[in-house]
Amino acid sequence: MKKIFTVLVAGLMMTAQVMAVTVQDVCGQFNGDLNIGGTPYLNRSIYLLPGTVDNAITFVLPDFTFGSKGKLGNIVLPNIPMDANGQLTLEGATLYLDSINERATITVLNGLEDGGITYNSIITHNDAMVLLSIQAPSLLEPILVLFVGQAARSNNYALPNGGFEGQWVSNEPAAWHSFGTATGALANMVVDHTYQFIPSTQVRPGSEGTQSSMLSSDMLVGVKANGNCTNGQINAGSTTADDAANNYNFSDPANNGFNTAFQGHPDSIVFWAKYLPADKDPNNEINKARMSTIITTNARYQDPETANYGEVRIAKAEVNFATTAEMGWQRISVPFEYTSFAAEPAYILTTFTTNQVPGGGSSYNKGSFLSPKYVLDTVYLDDVELIYNKTLNSFSIDANQLHFTQHIATVNENYCDSCADYIAAADGLTAQTFIGFDATHKCIHVYVIADDFAQSGAYKLYRVEFSNSQTGDLDPIDQGVENLLHNTISSEKVLLNGQLFIRRGDVWFNAAGIRVK
């Protein structure tokens, strides 16, 4: 046998020293390298998801490409049995590769020795080695496909400590900052204003946490200072509140501890707020607090901008929000507006302030001229979260849209994965759809995954059931001529040049049930 894998695997996963694992232990995104028939393809990803039956996983290899045949589509293998050591075995699974109109037989090889090295399809907590053998009618011999990679359990897709939980050090919770750690020419004047950002036990309705945060404005040398918190750092440089060149929040890659590494493309940001303006007037137009979130490249950025940051700013989500009539908690969702999809996200800068205008908001003197006691604006904040949409927008069979109820759609036809064109579309900016054909149970599963999967493991699963769908373990159905002819959609036999074909509308199959046109 050719030594086709040695270079790829050397130093990555030479031996299989494993410990007991469960399906939940191994599911996630794995990044690594592919070797397809001896040709390396570097920096690829696979997804492992829980199977729809016990002790099984679903394997997803996006955008499978092979030599001159080009992109063959996604390889989705549902319900691969996995033992307690993470060993995978799947024999004789069939998958229709629509781009070449062929049915492939795919085997997950339990083990293979090549060049003195033994390769095993095995998954551990942090490593994955998966070896596939792919056979299709147009291939002279099976293709061996090897993936070797490591779990991509990145924490850079969410805002850390969005609930402001845990211990506050110097009146700041983990990942958030305010005046107590400000920098700039006037940092010494505001450093003791830690009371403008404090923990609170007033949590939003339904919260699983025990804390929120409270921002409040204050008077500073006769000037109103908005409450301000950020996951970057505050620069306090001027007593003129709206001096944007000197008063701003910023993120700098070199400013360790005051930036938030980030690599996602979220669709929106959601947070809970309870805004209490000083004058208690929900109709006063000046009574609007503010949230701003900016996704940036690996470069310095400041908010508000005083220069052209067009090449640094990848996306923004901004909102000025008023109080409710009852001055209670409200859930606020703000979509991101993207200015660039080519640039790689590196950091995210989020700011909350008690008023949309620097030095703005309502106030009144509850004391006297000689002994002022100001009542100022207050904002409670809780559960700040980035949202990655992963809902199936549409699913069609031969351009006929299906309607899902509780993530299930039914079709009054017999199951056949290669009898029609299946098209899935999701609503998320980075959401991908993967269609898994389950011939054993005569159904289709549609997986929707966004780019936060590496951190959250969150995805959505939809099921398309056919009139002959089964819930038990059955033998794979025959995809040949009899199945096609007995399908409820009209089919006819056609004899061309001595060969039998089955035609269903504009779609043609050969006598083996393989789509050829």
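Predicted model only: the values in this text are computed from it and were never measured. (Residues numbered from 1 in each chain as written. Predicted model: local features only at pLDDT ≥ 70, side-chain atom pairs only at ≥ 80, totals over all residues. Heavy atoms only, no water.)

**Some remarks on the overall build of the protein chain**
Okay, so step 1: Along the protein chain, the regular secondary structure elements total 5 helices and 38 strands.
Okay, so step 2: The buried share among the 517 residues of the protein chain stands at 53%.
Okay, so step 3: For the protein chain, long-range pairs separated by at least 24 residues make up 64% of all intrachain contacts whose partners lie at least 6 apart in sequence.
Okay, so step 4: Accessible area for the protein chain stands at about 23,100 Å²; split by element, carbon and sulfur atoms hold 49% of it. (Helix = DSSP H or I, 4+ residues; strand = E, 2+ residues; numbered from the N terminus. Buried < 20%, exposed > 50% of the residue type's maximum accessible area, 1.4 Å probe, protein only. Contact = heavy atoms within 4.5 Å. Areas by Shrake-Rupley, 256 points an atom, 1.4 Å probe, with all protein chains shown as cover.)

**Some points on the sheet that holds strand 17 (residues 233-235)**
Okay, so step 1: Taken in spatial order, the 3 strands line up as 17-18-21 in an open sheet, and their pairing is antiparallel. Only two strands of the sheet have a single neighbouring strand rather than two, namely strand 17 and strand 21 (301-303). The mean angle between the axes of side-by-side strands here comes to 35°, regardless of whether they run parallel or antiparallel.
Okay, so step 2: Where strand 18 (residues 248-251) and strand 21 come together, 3 bridges link them in antiparallel fashion. Residue pairing in the sheet places F250 in a bridge with Q302 of strand 21. (Pairing = 2+ DSSP bridges. Axes fitted to C-alpha atoms, helices over the stretch in contact; angles between N-to-C directions.)

**Regarding the environment of Y347**
Okay, so step 1: Considering the arrangement of structural elements, one finds Y347 in strand 25 (residues 347-353).
Okay, so step 2: Those residues in contact with Y347, other than ones at most four positions away along the chain, are S251, P253, N259, T260, A261, F262, I294, I295, T296, T297 and N298.

**Overview of the sheet that holds strand 22 (residues 313-321)**
Okay, so step 1: Spatial strand order, 16-25-20-22-24: 5 strands in an open sheet with antiparallel pairing. Of all strands in the sheet, those with a lone pairing partner are strand 16 (228-230) and strand 24 (337-338), marking the two edges.
Okay, so step 2: Taken together, the 8 bridges between strand 20 (residues 289-296) and strand 22 define a ladder with antiparallel strand orientation. Across the sheet, the residue bridging to T293 is A317, located in strand 22.

**Remarks on the environment of S362**
Okay, so step 1: Locating S362 in the fold gives a position in the loop between strand 25 and strand 26 (364-365).
Okay, so step 2: Accessibility expressed as a relative area gives 5% for S362, which makes it buried.
Okay, so step 3: Taking C-alpha positions, S362 is 6.6 Å from D377, a pair spaced 15 residues apart along the chain.

**Digging into the pattern of salt bridges**
Okay, so step 1: In total, this model carries 7 salt bridges according to the counting rule given.
Okay, so step 2: Salt-bridge contacts for E285 lead to K288; the nearest nitrogen and oxygen are separated by 3.7 Å.
Okay, so step 3: Assessed through its relative accessible area of 56%, E285 is described here as exposed.
Okay, so step 4: On the accessibility criterion, K288 (25% relative accessible area) is partly exposed. (Salt bridge = Lys/Arg side-chain N within 4 Å of Asp/Glu carboxyl O.)

**Side note on the packing of aromatic side chains**
Okay, so step 1: Tallied over the entire structure, the rule returns 21 aromatic pairs.
Okay, so step 2: Ring geometry for F271 against F352: centres 5.1 Å apart, planes inclined by 75°, an arrangement best described as edge-to-face. Here F271, found in strand 19 (residues 268-276), pairs with F352, found in strand 25; they are 81 residues apart in sequence, far enough to count as distant.
Okay, so step 3: Seen in terms of ring centroids, Y338 and F341 are 5.2 Å apart; in terms of plane orientation they differ by 20°. Their pairing is stacked.
Okay, so step 4: Judged by relative accessible area, Y338 falls into the buried class, the value being 17%.
Okay, so step 5: Classification of F341 by relative accessible area gives exposed; the value is 54%. (Phe/Tyr/Trp six-rings, centres within 6.5 Å; stacked < 30°, edge-to-face > 60°.)

**A look at the nonpolar core**
Okay, so step 1: In terms of nonpolar packing, the biggest core is built from 54 residues, with F59, F395 and I444 touching the most fellow members.
Okay, so step 2: Other than its neighbours up to four places away in sequence, I444 contacts F395, Y415, Y422, I435, G436, F437, Y462, R463, V464 and F466.
Okay, so step 3: Ranked by size, the runner-up nonpolar core spans 34 residues in total, among them I269, F336, V384 and L386. (Core = buried A, V, L, I, M, F, W, Y, C linked by side-chain atoms within 4.5 Å.)

**A closer look at the pairing of strand 19**
Okay, so step 1: The element strand 19 is largely enclosed, with a buried count of 8 among its 9 residues.
Okay, so step 2: Pairing of strand 19 with strand 23 (residues 330-335) involves 6 bridges; the strand directions are antiparallel. Across the sheet, residue I269 finds its bridge partner in strand 23, namely V334.
Okay, so step 3: Alignment of strand 19 against strand 28 (residues 378-387), held across 8 bridges, turns out to be antiparallel. Each bridged residue has a counterpart across the sheet, and for Y275 the counterpart in strand 28 is V379.

**Topic: unusual backbone geometry**
Okay, so step 1: Cis geometry is adopted by the peptide bond preceding P304, which originates at D303 and carries an omega value of 5°.
Okay, so step 2: Here P304 lies in the loop between strand 21 and strand 22.
Okay, so step 3: One non-glycine residue, N161, lies in the positive phi region at around 55°.
Okay, so step 4: On the secondary structure map, N161 appears in the loop between strand 11 (143-151) and helix 3 (187-190).
Okay, so step 5: Although it is not a glycine, D383 adopts a positive phi angle of roughly 50°.
Okay, so step 6: As for its position among the elements, D383 is in strand 28.

Read these as spatial facts, not as claims about activity.
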